Amino acid sequence: MGPRAFRWVLHVDLDQFLVAVEVLRRPELAGRQVVVGGRGDPTERAVVSTASYEARELGVSSGMPLRVAARKAPDAIILPVDHETYLEASERVMDTLRGLGTVVEVLGWDEAFLGCDADDPEALARRAQEAVLDATGLHCSVGIGDNKIRAKIATGFGKPAGVFRLTAQTWSEVMGWCPTIDLWGVGPKVSRRLAAHGIRTVADLAAADADLLAAEFGPRMGAWYGDLGRGHGSAVVDDTPWVARGHSRETTYQRNLTTPEQVEAALRELVAQVHADTEAEGRPVFRVGLKVRYAPFFTRDRSKKLPAPTRSLGELTAAVLALAEGMEPGREVRLLGVRAEMVMPDGGDGVERTPVRGRI
């Protein structure tokens, strides 16, 4: 069907998705403190992918080192990430949503936008919840908005397993008092920069001077943040299949890499993995990137455009090793990542739609 603007946008978000899938396999985990991350070993370097609500109540959150999660929730059951099982469950969910006869834009494993012109979007939301539960045994929350921004934020008010509507008429009442970091697209750094100008709440951002925001973030992003504070956004839902712009692989090493030879060997392995990913799509690479995390926890990213698009493993390896020449000598390395950006099917660099997973 392609992109189209709708009267209503629904954001469907599976509740504690990875944990919920694990509970389906092991019902005895229901109601327990469960953490999913890495290889399930808190003594290794890995982070939390998701945690059950019971573990979250103890302060466990996504992105937290597993060892920290184990200290906060010492009785938690820690499970390894099972990508294939989660992907299979996700595909069943998305197929179920498509079966409702509406446009579905997939955002990731556990969330999607639905377009709706009906007078009663709550009815569609409840149908979606019932259909997903019947087909997969998984619960989801649904946010309803008059655009994607409001729908996405509304979902948080509906969790778990609820439905919440957020519109232009209710935006100020519901969101005005919230801190700016609660907005989709505002992280800790941006919220701190806003706070430095006295902009601490969504209402503050909505009323902020456009020139001030442009001076702080640039004319394009400044205007975007101002619109975000007012809840403005697109109501276009696009079911065009997502096409990856690039592939990346990264590894956190259980022991720091300490020599140039170790770093080179690790990079060659990562490039080979990324090359296999891009070859599976049959598209040449036009840009490569390198991510380095030094011990204890300092990260640098670099990238370069290639002289010409290529599918050659040797050329990609040489380009990444050239980027690695800029690494800080003598510093131990705890993580390396390699990214390859591909020429899009239309022959251009392309503009990436909402990504699913796997960037560095």
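Our subject is the structure that appears above.
Bear in mind the structure is a predicted one, so any value in this text is a computation, not a measurement.

Draft legend 1. Looking closely at the layout of surface pockets. If you add up the space inside the second largest pocket, you get close to 420 Å³. Taken together, Lys-148, Ile-149, Trp-184, Gly-185, Arg-220, Met-221, Trp-224, Asp-227, Leu-228, His-232, Gly-233 and Ser-234 form the lining of the second largest pocket. Listing elements by their share of the lining of the second largest pocket, those giving two or more residues are helix 6 (148-158) and helix 11 (219-229). Counting residues per element, the lining of the second largest pocket draws most heavily on helix 11, which supplies 5 residues. Each residue belonging to the lining of the second largest pocket can be placed in one class, and the counts come to 5 nonpolar, 4 polar and 3 charged.

Draft legend 2. Spotlight on empty space enclosed by the protein. Considering all chains together, one arrives at 2 cavities of 30 Å³ or more under this definition. Of the voids in this model, the second largest cavity is the one considered here, and its volume is about 30 Å³. Residue lining of the second largest cavity: Val-271, Val-274, His-275, Val-288, Leu-316, Val-320, Val-338, Arg-339 and Ala-340, and that is the complete set. The set of elements that each furnish at least two residues to the lining of the second largest cavity consists of helix 12 (260-281), helix 13 (313-324) and strand 14 (333-342). Split into classes, the residues belonging to the lining of the second largest cavity amount to 7 nonpolar, 1 polar and 1 charged.

Draft legend 3. Seen up close, the packing of helix 10 (residues 210-217) against helix 11. Between helix 10 and helix 11, the least distance of the axes is 7 Å, while the angle of their chain directions is 130 degrees. When the interaxial angle is binned, helix 10 and helix 11 end up oblique. Where helix 10 crosses over helix 11, the handedness of that crossing is right-handed. The residues of helix 11 that touch helix 10, namely those facing Leu-213, Ala-214 and Phe-217, are Pro-219, Met-221, Gly-222, Tyr-225 and Gly-226. Residues of the contact of helix 10 with helix 11, tallied by class, amount to 6 nonpolar, 2 polar and no charged.

Draft legend 4. Local environment of the sheet that holds strand 4 (residues 50-51). In space, the 3 strands of this open sheet follow the order 4-3-5, with mixed pairing throughout. The open sheet is flanked by strand 4 and strand 5 (77-79), the only strands paired with a single partner. Examined bridge by bridge, strand 3 (residues 34-36) and strand 4 share 2 bridges and lie antiparallel to one another. Each bridged residue has a counterpart across the sheet, and for Val-36 the counterpart in strand 4 is Thr-50. Those strands touched by helix 1 (residues 17-25) are strand 3, strand 4 and strand 5, and its axis lies near 115 degrees from that of strand 3.

Calculation notes
- Residues numbered from 1 in each chain as written.
- Predicted model: local features only at pLDDT ≥ 70, side-chain atom pairs only at ≥ 80, totals over all residues.
- Heavy atoms only, no water.
- 1 Å grid on protein atoms, 1.4 Å probe; cavity = no way out; pocket = protein on both sides within 12 Å on 5 of 7 lines; lining within 4 Å.
- Points joined across faces, edges and corners; volume = space filled by probe spheres on them.
- Helix = DSSP H or I, 4+ residues; strand = E, 2+ residues; numbered from the N terminus.
- Nonpolar A, V, L, I, M, F, W, Y, C, P; charged D, E, K, R; others polar.
- Axes fitted to C-alpha atoms, helices over the stretch in contact; angles between N-to-C directions.
- Parallel < 35°, antiparallel > 145°, perpendicular 65-115°, else oblique.
- Left-handed = near helix turned anticlockwise from the far one by under 90°.
- Contact = heavy atoms within 4.5 Å.
- Pairing = 2+ DSSP bridges.

Nothing here speaks to function; it is all geometry.
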